[in-house]
Amino acid sequence: MSNVKEVTTETFEKEVLSSDVPVLVDFWAEWCGPCKQLAPRVEEAAQQYGEQIKVCKVDIEEHRDLAVQYGIRSIPSLIIFKSGEVSGVQVGALTQEQLGEFIDTEI
């Protein structure tokens, strides 16, 4: 079972902006090769960090409004939200080590 939750325009506020813990959001698309490379690393981070963070994904093809709202111009894009605010942004397929450093810096 995946520890990464798919969020939509309808569930974004509840799952991300109203979360009691920091939330890592992976903005991706099905056709994006680097997004597919990053997906298992994001899943591993979700397992590794457990209750410390929530990990979510947004398909920018289905939820373009969220991509526009958060200025997503390249994918994959990772945004960490804390208390409903953008805390950190990374663009591109990160290594597992880079992803861990990004999360550690932001939480």
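This text goes with the structure placed above it.
Because the structure is predicted, anything quoted here is derived from the model rather than measured. (Residues numbered from 1 in each chain as written. Predicted model: local features only at pLDDT ≥ 70, side-chain atom pairs only at ≥ 80, totals over all residues. Heavy atoms only, no water.)

A. Quick look at the packing of helix H2 (residues 33-49) against helix H4 (residues 96-106). Following both chains from N to C, one finds H2 and H4 inclined at 45 degrees, their axes separated by 10 Å at the closest point. By the angle class used here, H2 and H4 are oblique. In the crossing of H2 with H4, the sense of the turn from one axis to the other is right-handed. Two secondary-structure elements touch here, H2 through Arg41, Val42, Glu44, Ala45 and Tyr49 and H4 through Gln96, Leu99, Gly100, Ile103 and Asp104. For the contact of H2 with H4, the residue count by class is 5 nonpolar, 2 polar and 3 charged. (Axes fitted to C-alpha atoms, helices over the stretch in contact; angles between N-to-C directions. Helix = DSSP H or I, 4+ residues; strand = E, 2+ residues; numbered from the N terminus. Parallel < 35°, antiparallel > 145°, perpendicular 65-115°, else oblique. Left-handed = near helix turned anticlockwise from the far one by under 90°. Contact = heavy atoms within 4.5 Å. Nonpolar A, V, L, I, M, F, W, Y, C, P; charged D, E, K, R; others polar.)

B. Quick peek at the sheet that holds strand S5 (residues 85-91). The mixed open sheet is built from 5 strands, whose spatial order is S1-S3-S2-S4-S5. Of all the strands in the sheet, the pair left with one neighbour each is strand S1 (4-6) and S5. Neighbouring strand axes in the sheet, compared pairwise and without regard to direction, differ in orientation by 25 degrees on average. Here strand S4 (residues 77-82) pairs with S5 via 6 bridges, running antiparallel. Bridging across to S5, Ser77 finds its partner in Val91. Of the strands in this sheet, strand S2 (23-28), S4 and S5 touch H4, which is tilted by about 20 degrees from S4. (Pairing = 2+ DSSP bridges.)

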